[in-house]
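A closer look at the structure
What follows is the residue order along each chain.
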Amino acid sequence: RMLFMLDKREEALKELQQSYADEPEGDPAGVAMAKLYTNKAMQEKDLAKQREQVAKAKEWFEYALKNDPKSYKAHIGYAIWLFDMAYMDKAFLQLSDEELKESIKLDPKKFDNKILRGLMYRWAGNYEAAEQEFEAAWKENLDKPDNFFAQNQLVLSLIEQKGNPSKMQRAVQL
């Protein structure tokens with residue numbers, strides 16, 4: 001990260017590649033570079049420069065996918081990023097859905113798949129479908145520390161189903 005912030009991008013990439021080779025549980029180098037560009041973009045006050053950095057981040061995600069098209073982490077990372085960036089470009093939402101489908105093909109049981117699908121459903125106003133995704137994520141991961149997020153999203157999906165007293169009651173119970 002420090003090398004990136006010092007504008008030593010090539011050196012940063014080499015370090016990130018080595019880091020991923022040493023610790024394959026982490027992000028692939030292209031995904032890590034994309035996240036660094038995204039962080040830089042979010043700190044930028046000039047909107048033109050911000051869009052430039054976001055475009056660079058997108059390029060790095062595409063690099064990660066080209067470098068390893070079967071990488072679950074590259075696909076889900078890109079899907080999440082596209083969903084997060086959809087406020088800048090509505091076309092990103094459709095791309096996010098496509099990347100999520102690829103992620104699901106690669107590893108259908110992953111927690112992140114259900115969470116992102118649930119968030120997409122909530123964003124679209126399909127609260128019943130969101131409830132199902134978050135319920136599955138919550139029940140399948142009761143022993144995981146990040147499960148609070150799934151439970152919280154489940155409660156929000158229940159509350160958003162206004163006019164259904166049983167859903168409201170269940171939200172209060174959770």
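For the structure itself, look to the data block above.
Below: a short report on this structure. (Residues numbered from 1 in each chain as written. Predicted model: local features only at pLDDT ≥ 70, side-chain atom pairs only at ≥ 80, totals over all residues. Heavy atoms only, no water.)

1. Quick word on the overall build of the protein chain
The criterion, for reference: The helix and strand labels rest on DSSP assignments: H or I over at least four residues marks a helix, E over at least two residues marks a strand, and numbering proceeds from the N terminus. Working definition: with a 1.4 Å probe on protein chains only, accessible area under 20% of the residue-type maximum means buried, over 50% means exposed, and in between means partly exposed. Here a residue-residue contact requires only that any non-hydrogen atoms of the pair lie within 4.5 Å.
Along its length, the protein chain carries ten helices and zero strands. Overall, the protein chain shows an N-to-C arrangement of helices and strands of α-α-α-α-α-α-α-α-α-α. With respect to the three principal axes, the spread of C-alpha positions in the protein chain is 55 × 35 × 25 Å. Taken across its 174 residues, the protein chain has 41% of its residues classed as buried. Of all intrachain contacts in the protein chain linking residues separated by at least 6 positions in sequence, the fraction that spans at least 24 positions is 47%.

2. Let's talk about helix H6 (residues 91-106)
Stated precisely, the cut-off is as follows: Multiplying one less than the number of residues by 1.5 Å gives the expected span of a helix.
Along its 16 residues, H6 runs 23 Å from first to last C-alpha, staying within 8% of the 22 Å computed at 1.5 Å per residue. The set of residues buried in H6 consists of Phe-92, Ser-96, Asp-97, Glu-99, Leu-100 and Ser-103. Taken together, the buried residues of H6 touch helix H4 (47-67), helix H5 (72-85) and helix H7 (111-124).

3. Structural notes on the packing of aromatic side chains
Quick reminder of the rule: Paired rings are identified among Phe, Tyr and Trp, the last through its six-membered ring, by centres lying within 6.5 Å, and are further divided according to the angle between planes into stacked (under 30 degrees), edge-to-face (over 60) and tilted (the rest). Distance and angle both matter: a charge sits over a ring if NZ of Lys or CZ of Arg is within 6 Å of the ring centre and within 35 degrees of the ring normal.
Enumeration according to the criterion identifies six aromatic pairs in this entry. Ring centres 5.7 Å apart and planes at 40 degrees place the aromatic pair Trp-81 and Phe-92 in the tilted group. Of this pair, Trp-81 sits in helix H5 while Phe-92 is found in helix H6, placing the two residues eleven residues apart along the sequence. By the burial criterion, Trp-81 is buried, and Phe-92 matches it. Linked through ring pairs, Phe-61, Tyr-78, Trp-81 and Phe-92 together constitute an aromatic cluster. Note that Arg-117 overlies the ring of Tyr-121, its terminal NZ or CZ placed 5.8 Å from the centroid.

4. Describing the nonpolar core
Here is the rule we go by: What makes a nonpolar core is a set of buried Ala, Val, Leu, Ile, Met, Phe, Trp, Tyr and Cys residues whose side-chain atoms join them at distances within 4.5 Å.
Within the largest apolar cluster, 26 residues are counted, with the highest numbers of intra-cluster contacts made by Met-33 and Trp-81. Looking at this core, the element that brings in the most residues is helix H3 (residues 29-43), giving eight residues. Core analysis: the second largest hydrophobic core is formed by eleven residues, Phe-111, Ile-115, Ala-130 and Trp-138 among them.

5. Quick word on the environment of Lys-49
Among the structural elements, Lys-49 can be located in helix H4. Between the C-alpha atoms of Lys-49 and Val-155, which are 106 residues apart in sequence, the distance is 38 Å.

6. Re the packing of H5 against H6
The test is simple: The angle between two axes is taken between their N-to-C directions and runs from 0 to 180 degrees, where each axis is a line fitted to C-alpha atoms and a helix contributes only its stretch in contact. When an angle is under 35 degrees it counts as roughly parallel; over 145 it counts as roughly antiparallel; between 65 and 115 it counts as roughly perpendicular; any other value is oblique. Here a crossing is called left-handed whenever its near helix is offset anticlockwise from the far helix by less than a right angle, and right-handed whenever the offset is clockwise. Amino acid classes used here: Ala, Val, Leu, Ile, Met, Phe, Trp, Tyr, Cys and Pro are nonpolar; Asp, Glu, Lys and Arg are charged; the rest, including Gly, are polar.
Running from N to C, H5 and H6 point in directions that differ by 155 degrees, and their axes come no closer than 8 Å. Accordingly, the angle class assigned to the pair H5 and H6 is roughly antiparallel. In the packing of H5 onto H6, the handedness of the crossing is left-handed. On the side of H5, the interface is formed by Tyr-72, His-75, Ile-76, Tyr-78, Ala-79, Trp-81, Leu-82, Phe-83 and Met-85, while H6 contributes Phe-92, Leu-93, Leu-95, Ser-96, Glu-99, Leu-100, Glu-102, Ser-103 and Leu-106. Across the contact of H5 with H6, the residue classes tally to 13 nonpolar, three polar and two charged.

Everything listed here is a matter of coordinates, which is why it stays silent on function.
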